[in-house]
Each structure stands twice: as structure tokens, then as C-alpha cells.
Amino acid sequence: MINLEHLTYSYRKGPNAVNDATGRVTPGIWLLLGENGAGKTTLLKLMAGLLRPQTGVCRLDGEETALHAPSVMRRLFFLPDELEVPAKTVAALAATDGIFYPNFNKETLERNLVAFGLTGHEEITDTSLGTRRKLLAAYALALGVDMLLLDEPANGLDIDSKKTLRRLMAGCIESEQTVIVSTHNISDLRELYDGLMLMHKGHLAVCLTADDISSRLSCVRSATTVPDALYSERSAGVVSSIVRAEGDETGDIDYALLYSAVMSGNTEIIKILSDNG
């Protein structure tokens, strides 16, 4: 369980990059959305303990990540969009760094690499962006950490490689692990998400499981605008709408549509998602 308690962080110039972020992240694969500059990467760095918050705390099962206790650091891993690797190859990285992660599985790493058509002996600095991403994703998914933070993991991947990444994530992630994926390409891993974190101008506007969202809202498509729609968009002759969920039935979640609704400042939808009652 990850608890974010009133996290705030600001750089030397400008407004707070993260402002009073509070939420609870349960095991599963979570989608982290937000506009450019919303504070997504800063939030991930705060969660990983790479930045110390001005106020607030991030706890992993009750332990504060910013304190860098070995008992916490061995349970989390952050794969940023750009990472300087302290080894020439992933095989060398696994030999030197993998031992610090008690659940690291060498056989899983080898299977992941084979799935991407790689050996692990490719020199990381001599490879393309896409190949570097595949090498490091294969490694990250083999660590078996309780909290895995991925910043744009599909960046630079071709269509087939994105399919492979989706398949590996579905197969490698255990039920007790928590994975947070920050991305602008929602469709890359759309079938996998168990929850949504949505940043807007430094605020964590949404932090809910998929079940909780679908119990409150439903996304429907029709030829015309649906009566009582809370938000609608028309594209290619189809109207996509967000409506209140009815009864005990859970509805489909269109993350892109929900993102647009929140970014538009739709106060009713924001209120529904913010209601803890």
C-alpha cells in the first residue's frame, strides 16, 4: 500500500510542481495522466525518494521513502524516461545491482529479453532509444519490487514492441505489486490499468481504483448526445459521453475521455470523483 500524505514540492522558480498531493494507491497497475508540466515526473521522484518534499510524506507500507532506508529502497524501483545506467550492458547491471533486490529473478530477465529479441549483452550507450527502453524495461520487470514506477515506458517502441511490453507486464506483475505508469499514450497498455492517478497543474485531482471510478461514472457512445450527459465529445460521427453510473452496474472507462473532461474543468465530474462519502 502506498500512501501520499499532503506532498508538496517546488523548484526554485515558478509555482509548486506538486501541491498537497494526497491519495492511496493499492496493488495493481495504475495509470498516471496529466498535461505537460502537471507534475507527474516530480511526483514519481518524490515517491521514489529521489526528491525530498517540502511538506508531506510518501509511505510504502508505513515506511517513509524519503528516508532511504535499505528496507524500503530494495522494495522500489524508478525507471525514468532517461536513465544513466552504471553498467555497459543489462547483463552487467543485473550482476552488480540485481543482488540488492531480493525478488530479482534472472530467469525472468532472460525471458523478457528474449521476448524483445535481445540478449542483454548489447552495449546500452550504442543502442537506439527503443532498444534502450526494451533493455531497461526487461530488467525493471524482473526485479519483482513492491513499487515499480515507470515514466513513459513505451517511449520509442514500435507497434510490435509495445504489444510485447503489454504482454510482459501482464505476465510479470504479481497481485501484491504496485506499478504506476506515467504516459501520454493511454492506448499502449489500456487493458491493464487497475487505477487512475490524474495530475492537473500540480494537484492530484484523481486517485481512484478503476472499480471505484466505474461505480461512479460510465462512458457511452451513440449517434447523438445522450440525455443527462455530464461531458460529451463528437468524433467521426460518434458522440462519446460520460454519464453517472446507474445502480450496482459498473461502466466502461474511457481514460482519454475522462482526462479531457477533467482538463476542461468540468466541476460536476471532478466533484463526483472527489467525493469520499
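Below, the structure is looked at part by part. (Residues numbered from 1 in each chain as written. Predicted model: local features only at pLDDT ≥ 70, side-chain atom pairs only at ≥ 80, totals over all residues. Heavy atoms only, no water.)

## Describing the overall build of the chain
In step 1: If you tally the helices and strands in the chain, you get 9 helices and 13 strands.
In step 2: A globule of 277 residues ought to have a C-alpha radius of gyration of about 19 Å, and the chain, at 19 Å, matches this closely.
In step 3: When the backbone C-alpha atoms are referred to their principal axes, the chain occupies close to 60 × 40 × 35 Å.
In step 4: For the chain, with 277 residues in total, the buried portion stands at 51%.
In step 5: Taking the contacts inside the chain whose residues are at least 6 apart along the sequence as the reference set, 66% of them involve residues at least 24 apart.
In step 6: In the structure as shown, the chain presents an accessible area of about 13500 Å², 49% of it carried by carbon and sulfur atoms.
In step 7: Positive and negative charge centroids in the chain, built from 26 and 36 side chains respectively, lie 4 Å apart. (Helix = DSSP H or I, 4+ residues; strand = E, 2+ residues; numbered from the N terminus. Rg over C-alpha atoms; globule rule 2.2 N^0.38 Å. Buried < 20%, exposed > 50% of the residue type's maximum accessible area, 1.4 Å probe, protein only. Contact = heavy atoms within 4.5 Å. Areas by Shrake-Rupley, 256 points an atom, 1.4 Å probe, with all protein chains shown as cover. Lys, Arg positive; Asp, Glu negative; His and termini not counted. Charge placed at Lys NZ, Arg CZ, Asp CG, Glu CD.)

## Some points on the packing of helix α4 (residues 106-115) against helix α6 (residues 159-172)
In step 1: Packing of α4 against α6 leaves a shortest axis separation of 10 Å and a crossing angle of 160 degrees. In terms of their interaxial angle, α4 and α6 are classed as roughly antiparallel. Between α4 and α6 lies a crossing of right-handed hand. On the side of α4, the interface is formed by T108, N112 and A115, while α6 contributes T164, R167, L168 and C172.
In step 2: Of the residues in the contact of α4 with α6, the class split is 3 nonpolar, 3 polar and 1 charged. (Axes fitted to C-alpha atoms, helices over the stretch in contact; angles between N-to-C directions. Parallel < 35°, antiparallel > 145°, perpendicular 65-115°, else oblique. Left-handed = near helix turned anticlockwise from the far one by under 90°. Nonpolar A, V, L, I, M, F, W, Y, C, P; charged D, E, K, R; others polar.)

## Observations regarding the packing of helix α5 (residues 129-142) against α6
In step 1: Two elements in contact, α5 and α6, have axes whose closest approach is 10 Å; the angle formed by their N-to-C orientations is 10 degrees. In terms of axis orientation, α5 runs roughly parallel to α6. Contacts between α5 and α6 involve K134, A137 and L141 from the former and S161, L165, L168, M169 and C172 from the latter.
In step 2: For the contact of α5 with α6, a count of residues per class yields 6 nonpolar, 1 polar and 1 charged.

## Quick notes on the pattern of salt bridges
In step 1: This model, assessed by the stated rule, comprises 7 salt bridges.
In step 2: Of the charged contacts in the structure, one is a salt bridge between R216 and D212, with a shortest N-O distance of 3.1 Å. Of this pair, R216 and D212 both sit in helix α7 (residues 210-216), 4 residues apart, roughly one helical turn.
In step 3: The class of D212 is partly exposed, set by a relative accessible area of 25%. (Salt bridge = Lys/Arg side-chain N within 4 Å of Asp/Glu carboxyl O.)

## Re the packing of aromatic side chains
In step 1: Counted by the stated rule, this structure contains 5 aromatic pairs.
In step 2: Plain terms: the ring middles of F77 and Y101 are 6.1 Å apart, the flat faces sit at 80 degrees to each other, and that makes the pair edge-to-face. Of this pair, F77 sits in strand β6 (residues 76-79) while Y101 is found in the loop between α3 (90-96) and α4, placing the two residues 24 residues apart along the sequence.
In step 3: A relative accessible area of 15% means that Y101 is categorised as buried.
In step 4: Between F77 and Y139 the ring centres are 6.0 Å apart and the planes differ by 80 degrees, which places this aromatic pair in the edge-to-face class. One end of the pair, F77, is in strand β6; the other, Y139, is in helix α5, and 62 residues separate them in sequence. Considered together, F77 and Y139 belong to a single accessibility category, that of buried residues.
In step 5: Put simply, the rings of F77, Y101, F104 and Y139 pair up and form one aromatic cluster. (Phe/Tyr/Trp six-rings, centres within 6.5 Å; stacked < 30°, edge-to-face > 60°.)

## Considering helix α9 (residues 267-274)
In step 1: Within the span of α9, buried status applies to I269, I272 and L273. Buried positions in α9, seen along its axis, are confined to an arc of 95 degrees and lie on one side of it. Within α9, the exposed residues directed more than 90 degrees away from the buried face are T267 and K271.
In step 2: Packed against the buried residues of α9 are β10 (203-209), α7, β11 (217-222), β12 (231-235), β13 (238-244) and α8 (255-263).
In step 3: Put simply, N266 is the residue that caps the front of α9, since its side-chain oxygen is 3.3 Å from the backbone nitrogen of E268. (Arc of directions from axis to C-beta. Polar contact = N/O pair within 3.5 Å; in protein donor to acceptor, adjacent residues only side chain to side chain.)

## Notes on the environment of L157
In step 1: With respect to the secondary-structure elements, L157 resides in the loop between β7 (147-151) and α6.
In step 2: Placed 26 residues apart in sequence, L157 and T131 show a C-alpha to C-alpha distance of 7.9 Å.

## Brief notes about the layout of surface pockets
In step 1: If you add up the space inside the largest pocket, you get close to 400 Å³.
In step 2: Those elements that place two or more of their residues in the lining of the largest pocket are β6 and α5.
In step 3: Residue contributions to the lining of the largest pocket peak at 3 residues, all from β6.
In step 4: Across the lining of the largest pocket, the residue classes break down as 15 nonpolar, 2 polar and 2 charged. (1 Å grid on protein atoms, 1.4 Å probe; cavity = no way out; pocket = protein on both sides within 12 Å on 5 of 7 lines; lining within 4 Å. Points joined across faces, edges and corners; volume = space filled by probe spheres on them.)

## As for the pairing of β12
In step 1: Looking at chain direction, β12 and β13 are connected through 5 bridges and run antiparallel. Bridged to Y231 within β13 is I242.
In step 2: Counting the residues between successive antiparallel strands, the hairpin from β12 to β13 contains 2 residues, one of them, A236, with a positive phi of roughly 50 degrees. (Pairing = 2+ DSSP bridges.)

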